[in-house]
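Examining the three-dimensional arrangement
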Amino acid sequence: MSSMVAEQIIRATLARLEANRQEAITTIELYLNSGVAVPDHSSVIEEVSKAVERLAASEESISAVRRNFLATESTSDE
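Residues numbered from 1 in each chain as written. Predicted model: local features only at pLDDT ≥ 70, side-chain atom pairs only at ≥ 80, totals over all residues. Heavy atoms only, no water.

1. With respect to the pattern of salt bridges
For clarity, the cut-off: By salt bridge we mean one thing: a side-chain nitrogen of Lys or Arg within 4 Å of a carboxyl oxygen of Asp or Glu. Helix numbers and strand numbers start at the N terminus; a helix is a DSSP run of H or I with at least 4 residues, a strand a run of E with at least 2.
Scanning the entire structure with this criterion turns up 5 salt bridges. A salt bridge links Glu-18 to Arg-21; its shortest N-O distance comes to 3.1 Å. You can see Glu-18 and its partner Arg-21 sitting in helix H1 (residues 3-33), 3 residues apart, about one turn around the helix. Among the ionic pairs, Arg-21 bridges to Glu-59, the shortest N-O distance being 3.1 Å. With a gap of 38 residues between them, Arg-21 in helix H1 and Glu-59 in helix H2 (residues 44-69) connect regions that are remote in the sequence. Residues joined in a network through salt bridges with shared partners are Glu-18, Arg-21 and Glu-59.

2. Considering the environment of Glu-7
Defined as follows: In this scheme, a residue with accessible area under 20% of its type's maximum is buried, one over 50% is exposed, and one in between is partly exposed, where area comes from a 1.4 Å probe on protein chains only.
Of note, Glu-7 is situated in helix H1. Residue Glu-7 is classed as partly exposed on the basis of its relative accessible area of 46%. Separated by 63 residues in the primary sequence, Glu-7 and Leu-70 have C-alpha atoms spaced 8.9 Å apart.

3. Comments concerning H1
Quick note on the threshold: Helix span is expected to be 1.5 Å times the residue number reduced by one. Two residues qualify as a contact provided that any one of their heavy atoms is within 4.5 Å of a heavy atom in the partner residue.
Taking 1.5 Å of rise per residue, the 31 residues of H1 would be expected to cover 45 Å, and the 44 Å separating its terminal C-alpha atoms lies within 8% of that figure. The inward-facing, buried residues of H1 abut H2.

Okay, structure coming up:
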């Protein structure tokens, strides 16, 4: 695979992960800041917990991709 295609794949993957991260943040903020977004109060904690899990998974994945595939030459020698 050419390095240009590989870079495009990594960038697209990061974009998808960042979109997932932003979606989780938006979900959490809606539950915390908008009474309108909370029609069933009994499941608020469960829904926020799920969104936090998605947020954490996205952030960890973003870090892993950056650490392993976007490292500079000086960093990869360490």
